[in-house]
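Descriptive structure summary
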Amino acid sequence: MLKELWERQSIRKYLNKPVEPEKIEELLRAAMNAPTARNSQSWRFLVVTDRNALDTMTDLQPYTGMMKTAACAIIVMGDRNASQPDEYLYVDSAAAIENILIEAVHQQLGTCWCAIGPNPDRIEKFRRYYRIDKDLIPIAAVAVGYSAESKPKEDRYDPQKVSWFPPFAESDNHFTK
């Protein structure tokens, strides 16, 4: 397994240190290398570095408290003009977000993925505050910064959450430790 996959965690406390523009660009490059339905490349990105705008985010989505210490946020949006139905926009954006999270570990940054959509009230609040075009759906906000916390790593693999077709005998399962 890639080291970055194992080390990725949701970080909710950040150092008071700006993230270099070059690192933000690498996160966006990683995001734009994500697969999309029908190669629509339907994701769009809004990088928020303004301290007041980051602090206000908790008024728009109550589970974004970490934005108060994050150096920046990347709002990931789906462009309705690039792909239909809207469900594809969520899937495309999720793939881009995961790439951001993994590249952030590689860049020695911490991140936290905060959903905006599909909650219509949150979508509208983000559209109004950040002046987002009506053809764009704000899907999620990703907090980005240098981590101020350390968490133990845990292996989340659970063979009970895996089914096989065709089924095979327990003794044939080579994936358990």
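Summary of the structure given here. (Residues numbered from 1 in each chain as written. Predicted model: local features only at pLDDT ≥ 70, side-chain atom pairs only at ≥ 80, totals over all residues. Heavy atoms only, no water.)

**A look at unusual backbone geometry**
What counts is decided by this rule: Put simply, DSSP marks the helices as runs of H or I at least four residues long and the strands as runs of E at least two long, and each gets a number from the N terminus on. Each residue is placed in one exposure class: buried if its accessible area under a 1.4 Å probe, protein chains only, is under 20% of its type's maximum, exposed if it is over 50%, and partly exposed if it falls in between.
Between Gln84 and the following residue, Pro85, the backbone shows a cis peptide bond with an omega angle of 0°. Relative to the elements of secondary structure, Pro85 occurs in the loop between strand E2 (72-79) and helix H4 (86-106). A cis amide bond, omega 10°, links Gly117 with the succeeding residue Pro118. Within the secondary structure, Pro118 is located in the loop between strand E3 (110-115) and helix H5 (120-130). The backbone phi angle of Gln108 is positive, close to 60°, even though this residue is not glycine. Mapping Gln108 onto the fold places it in the loop between H4 and E3. Judged by relative accessible area, which is 65%, Gln108 ranks as exposed.

**Some remarks on the environment of Asp135**
Just so we agree on the cut-off: The criterion used for residue contact is that any of the two residues' heavy atoms lie within 4.5 Å. Polar contact criterion, stated in full: a pair of N or O atoms within 3.5 Å, where within protein one must be able to donate a hydrogen and the other to accept it, and residues adjacent in sequence count only if both atoms are side-chain atoms.
Mapped onto the elements, Asp135 comes out in the loop between H5 and strand E4 (136-145). In this view, Asp135 contacts Gly78, Asp79, Arg80 and Asn81; residues no more than four positions away in its chain are not counted. A polar atom in the side chain of Asp135 sits 3.1 Å from the side chain of Asn81.

**Quick notes on H4**
Put simply, the rule is: Under the convention used throughout, the expected extent of a helix is 1.5 Å for every residue step, that is, one less than its residue count.
For H4, spanning 21 residues, the distance from its first C-alpha to its last is 31 Å, which sits close to the expected 30 Å at 1.5 Å a residue. Of all the residues in H4, the buried ones are Leu89, Asp92, Ser93, Ala96, Ile97, Ile100, Leu101, Ile102, Glu103, Ala104 and Val105. Residues of H4 that are buried make contact with helix H1 (3-7), helix H2 (21-31), strand E1 (43-48), E2, E3 and E4. One or two steps after H4, the chain reaches Gln108, where phi turns positive at roughly 60°.

**A closer look at the nonpolar core**
Here is the rule: Only buried residues count toward a nonpolar core. Its members are Ala, Val, Leu, Ile, Met, Phe, Trp, Tyr and Cys residues joined through side-chain atoms within 4.5 Å.
If you look at the biggest cluster of nonpolar residues, it comprises 48 residues, and the most contacted ones within it are Phe45, Met67, Ile75 and Tyr130. Listed by contribution, the elements that provide at least two residues to this core are H2, E1, helix H3 (51-60), E2, H4, E3, H5 and E4. Residues in contact with Ile75, not counting those within four places in the same chain, are Arg44, Phe45, Leu46, Val48, Met57, Ile116, Phe126, Tyr130, Pro138, Ala140 and Ala141.

**Things to note about a nonpolar patch on the surface**
Applied cut-off: Patch criteria: residues need more than 30% relative accessible area and no salt bridge. Like-charged residues are merged within 9 Å; nonpolar side chains of Val, Leu, Ile, Met, Phe, Trp and Tyr are merged within 5 Å. Using a 1.4 Å probe, accessible areas were evaluated by the Shrake-Rupley method; residue-level cover was limited to the displayed protein chains. Definition used for salt bridges: Asp or Glu carboxyl oxygen within 4 Å of a side-chain nitrogen of Lys or Arg.
Together, Met1, Leu2, Leu5 and Trp6 line one region of the surface with nonpolar side chains, adding up to about 480 Å² of accessible area. By secondary structure assignment, the location of Leu5 is in helix H1.

**Some remarks on the side chain of Glu103**
Of note, Glu103 is situated in helix H4. When residues no more than four places from it in sequence are discounted, the contact partners of Glu103 are Glu26, Leu27 and Ala30.

**Here we look at the pattern of salt bridges**
All told, the structure shown has 10 salt bridges when counted by the stated rule. Across the pair Glu7 and Lys3 runs a salt bridge whose closest N-O atoms are separated by 3.7 Å. You can see Glu7 and its partner Lys3 sitting in helix H1, four residues apart, about one turn around the helix. Given a relative accessible area of 31%, Glu7 falls into the partly exposed group. Its salt-bridge partner being Arg29, residue Glu25 comes within 2.9 Å of it at the nearest N-O pair. With a gap of four residues between them, Glu25 and Arg29 both fall in helix H2, about one helical turn apart. Among the ionic contacts, a cluster of salt bridges with common partners joins Glu25, Glu26 and Arg29.

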